[in-house]
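In case you want the letters, here they are:
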Amino acid sequence: MTAREGWFVSKNDLSTYSVIDEFIQGRITRKAAAMMLSRSERQISRLACEVKKNGLPGVFHKNRGRAPHNKTDQVTKRRATNLAAEKYFDFNLAHAHEKICEEVGLKQSYETFWRWCKARGIAKKKYRRRHCERQARTRVPCEGILIQFDGSHHKWNNVDTWVLIGGIDDATSKVVGAKFCSGETTLDSMAVLRLIIENYGVPSLLYVDKAGIFGGGKRHGFAHFVHACDELGIKIIFAHSPQAKGRIERLWNTFQDRLIPEMRLRGVKTMREANDFMHREFIPNWFNSKLAVPAQDPSLRWREAPAAKLLDHIFTTVETRQIRNDLTISFNGDLMQLTSSKVGLLLPGRTVEIRSYPNGKTCVTCLGEEVTLKPLKKPFRTRNSA
């Protein structure tokens, strides 16, 4: 992050400024900018005026750095949620809100109280409404803006269950990357995303379901795949239903209908043979050549791919550990000793970053310098030892 006049500029701010600047320069339309930033066209016009007047700070929210005037103190919030969880645990939240307002004089609205309870995990699920009719979503205008990314579990060789992980460009329906894997893991998903970046470039948006590897559900905020996308400046959009990402769901139906018999005719049985046939013949010679459609705007919106060495650094699993006073950390269930001749006494209490590469290599850094790990033998304890 970079600082400017006391402000911290995030990657999201830089990305927003880049899109607004391209709109000001006339390189993209207002509608395309609104789609890329998930905002209305009126907001795009307002941001453009602010950027022309103030430059990069024009994308900042005017309330940045200000505390809300109606912010509730934590004591009141904790007391209200404790009452809802302990005293009024069998009340519905609307009823509990009325009781708590009478008991402690709570002045917050029901909606605010419901958000407190939801954050604590005591809000009951709402009644699911019947499905309504869905409207077709308009494609993005240019290739390289939005990639729908997903995995399909199936017996692709009619014997073993593999997972086909792939991505399809939203503007053209072109398959930009796909790979058969043994499971829908973080490293396999990273490998397919890297394949897309190396062959085409870096997209702006990634449209995925709410699987844990993509940061959905309980893994929100600490998924390794999300960390890699953040470093690449790729924004992840979550689909709330399979129908929302219907383009790639229909792709899997087409692949299962077409690819499996083609592989059977050619005697393809192993995963390596299947990947080779899919990349060499099926995708380029049939799917992309016959089913891909031209984009509304012929310009390509892929961003330049980083160097291979930087991609090696990005597509890793990243974990952090705090160093104990005896210069040890716990990693993968083992006690590890850290050794370093440069930072030495500064290590206790610091946080180390552990990057695990797909090839099995592990890199540990602290204070911007690499340190080494040495496994320690666990002390032998007898049954009578303290």
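An account of the accompanying structure is given in this report.

Reading the values: rules and limits
Residues numbered from 1 in each chain as written. Predicted model: local features only at pLDDT ≥ 70, side-chain atom pairs only at ≥ 80, totals over all residues. Heavy atoms only, no water. Pairing = 2+ DSSP bridges. Helix = DSSP H or I, 4+ residues; strand = E, 2+ residues; numbered from the N terminus. Axes fitted to C-alpha atoms, helices over the stretch in contact; angles between N-to-C directions. 1 Å grid on protein atoms, 1.4 Å probe; cavity = no way out; pocket = protein on both sides within 12 Å on 5 of 7 lines; lining within 4 Å. Points joined across faces, edges and corners; volume = space filled by probe spheres on them. Nonpolar A, V, L, I, M, F, W, Y, C, P; charged D, E, K, R; others polar. Parallel < 35°, antiparallel > 145°, perpendicular 65-115°, else oblique. Contact = heavy atoms within 4.5 Å. Expected span 1.5 Å × (residues − 1). Bend = angle between axes of the 7 residues up to and from the residue. Buried < 20%, exposed > 50% of the residue type's maximum accessible area, 1.4 Å probe, protein only.

1. Digging into the sheet that holds strand β3 (residues 146–154)
In step 1: Here five strands make up an open sheet; going across it, the order is β5-β4-β3-β6-β7 and the pairing mixed. Each having just a single partner strand, β5 (175–181) and β7 (235–238) make up the two edges of the open sheet. Ignoring strand direction, the axes of neighbouring strands in this sheet form an average angle of 20°.
In step 2: Bridging between strand β6 (residues 205–208) and β7 involves four bridges; their strand directions are parallel. In the sheet register, Y207 faces β7, and the bridge partner there is I237.

2. A short note on the layout of surface pockets
In step 1: Roughly 790 Å³ of internal volume is contained in the largest pocket.
In step 2: Taken together, 32 residues make up the lining of the largest pocket; nearest its centre are S15, S204, G233, I234 and K235.
In step 3: Tallying contributions element by element places helix α1 (residues 11–24) first for the lining of the largest pocket, with eight residues.
In step 4: The residue inventory of the lining of the largest pocket, partitioned by class, reads 14 nonpolar, 10 polar and eight charged.

3. Let's talk about the packing of helix α2 (residues 30–37) against helix α3 (residues 41–54)
In step 1: At a minimum axis distance of 9 Å, the contact between α2 and α3 shows a crossing angle of 100°. Here α2 lies roughly perpendicular to α3, going by the angle between them. Along the contact surface, α2 presents R30, K31, A33, A34 and L37, while α3 presents E41, I44 and S45.
In step 2: Across the contact of α2 with α3, the residue classes break down as four nonpolar, one polar and three charged.

4. Observations concerning helix α9 (residues 246–265)
An α-helix turns once per 3.6 residues; consequently, residues spaced three or four apart project the same way.
In step 1: Along its 20 residues, α9 runs 29 Å from first to last C-alpha, staying within 8% of the 28 Å computed at 1.5 Å per residue.
In step 2: Bending of α9 peaks at approximately 30° at the position of F255.
In step 3: Among all positions of α9, only G246, R247, I248, L251, W252, F255, L259, I260 and M263 are buried.
In step 4: On its buried face, α9 sits against β3, β4 (162–169), β5 and α10 (271–290).
In step 5: At the C-terminal side of α9, G267 shows a positive phi close to 70°.

5. Regarding unusual backbone geometry
In step 1: Even without a glycine there, the phi angle at N158 is positive, about 65°.
In step 2: Relative to the assigned elements, N158 resides in the loop between β3 and β4.
In step 3: Despite not being glycine, S173 shows a phi value in the positive range, around 60°.
In step 4: If you trace the backbone, S173 turns up in the loop between β4 and β5.
In step 5: Look at S173 and you get buried, because its relative accessible area is 9%.

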